[in-house]
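Structural features, examined
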Amino acid sequence: MNMKNLEQERANQYVFAETLEELAENDSDLIITTSDSRGSGKLVPFAEKYPDQIVEVGIAEQNLVGISAGLASTGKKVFAISPSCFLTARSLEQIKNDVAYSDHPVKLVGISAGVSYGDLGSTHHSIHDLAVLRAINNMAIIVPADNFETREATKFAYHHDKPVFLRFGKKPMYTLHAEGTKFEVGKAITVREGDDLAFIANGETVYRSMQAALKLEEHGIQARIISMHTIKPFDTDAVSKAAEECGGVITVEEHMINGGLGEACSAHLLESGYSVPFKRMGIPDEYTVTGPQNDILTHYGISEEGLTQTALEFLKTKVSTL
């Protein structure tokens, strides 16, 4: 696959909002709730088209989740949309008790996740959201890597009768999947085959891993790319297959290394008795640097160059210890 041939599409938030418009056309029970986020959530067209199906609560995320749970309890199909950094921190108790414990099928949507709000500093970085929500029972967690995964994940959430968390960044995405690819929640998608090394990634880091894989090909290394779009339920079979068939596994995530994708993979590998070389790439346990998203990710090695170099050093170390 040539990266130059990949088609660049829109940010996932646009596709998410348009999919909701399509679903709302035949369903007046689909309701959007938002905490002063209709603009950043690309929801202005939806609000203009279906003004009676959007509830604006203002900058009050705890109220957002509580109101959404109440609406869902009456049979409404509710999508609660807010910046992920606030939705999953300020409203954590409401998510835990009003949504998950009470089993109300609210669709929680964290926008501008990861370090999308890079320049605004750590108060606006959402690198904790997957960790805290993984610790709450009764919630599917999905991190789409492109427009295709976003569209399918949104339709899944609409039809699902349990709580769901969808996580979106802000950047325009690339089409990563071939036509006819099947999307299934809880089942990872292999974007690129290879058996020297496996990158397991989600969200915007899947594309960055693909860039590194194509660079590694110049060194004679064939890297497998796995889009682990679902964090819960987790596809342990895909992780096992990578461990059995590849020379090593590197996880890549726009999230702190504590509690996210990397820890989910490492826990499975250890509990299952695999001894495959393994490394986590993400935001380290420190005060995150401030700056544009791309600069932050590059600083932490989550770039074409950074991931390529990490993989080369990783494989060199692996060979030298055999």
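Up top is the structure these notes are about.
Thresholds, definitions, all that
- Residues numbered from 1 in each chain as written.
- Predicted model: local features only at pLDDT ≥ 70, side-chain atom pairs only at ≥ 80, totals over all residues.
- Heavy atoms only, no water.
- Phe/Tyr/Trp six-rings, centres within 6.5 Å; stacked < 30°, edge-to-face > 60°.
- Helix = DSSP H or I, 4+ residues; strand = E, 2+ residues; numbered from the N terminus.
- Buried < 20%, exposed > 50% of the residue type's maximum accessible area, 1.4 Å probe, protein only.
- Lys NZ or Arg CZ within 6 Å of the ring centre and 35° of its normal.
- Contact = heavy atoms within 4.5 Å.
- Polar contact = N/O pair within 3.5 Å; in protein donor to acceptor, adjacent residues only side chain to side chain.
- Pairing = 2+ DSSP bridges.
- Axes fitted to C-alpha atoms, helices over the stretch in contact; angles between N-to-C directions.

1. Points about the packing of aromatic side chains
- Under the defined criterion, the tally for this structure stands at five aromatic pairs.
- Residues Y174 and Y207 carry aromatic rings whose centres are separated by 4.3 Å and whose planes lie at 5 degrees to one another, so their mutual orientation is stacked. One end of the pair, Y174, is in strand β8 (residues 172-174); the other, Y207, is in helix α8 (residues 205-217), and 33 residues separate them in sequence.
- With relative accessibility at 17%, the residue Y207 sits in the buried group.
- Three or more aromatic residues link up through ring pairs in this structure, and these residues are F16, F79 and F168.
- Over the ring of F86 we find R90; its NZ or CZ atom is 4.6 Å from the centre of that ring.

2. A short note on helix α9 (residues 236-245)
- Here α9 has its buried residues at A238, V239, S240, A242 and A243.
- Here the buried face of α9 lies against β10 (197-201), β11 (223-227), β13 (249-256) and α10 (261-271).
- Where α9 starts, the residue carrying a side-chain oxygen 3.3 Å from the main-chain nitrogen of D237 turns out to be D235.

3. Topic: the sheet that holds strand β5 (residues 107-111)
- Taking strand neighbours across the sheet as the criterion, the seven strands line up as β3-β2-β4-β5-β7-β6-β12 in an open arrangement whose pairing is mixed. At either end of the open sheet lies a strand with only one pairing partner, and these are β3 (54-56) and β12 (230-232). Averaged over all pairs of adjacent strands, the angle between their axes in this sheet comes to 20 degrees, without regard to strand direction.
- Of the strand pairs in this sheet, strand β2 (residues 30-34) and β3 are connected by three bridges, and their pairing is parallel. Within β3, the position partnered with T33 by the bridge is V55.
- Contacting β2, β4 (77-83) and β5, helix α3 (residues 61-73) crosses the sheet at an angle of about 170 degrees to β4.

4. Section: unusual backbone geometry
- Between K232 and P233 the backbone carries a cis peptide bond, its omega angle lying at -5 degrees.
- Positive phi is not limited to glycine here, since D103 has a value of about 60 degrees.
- Along the chain, D103 falls in the loop between α5 (92-101) and β5.
- The class of D103 is partly exposed, set by a relative accessible area of 33%.

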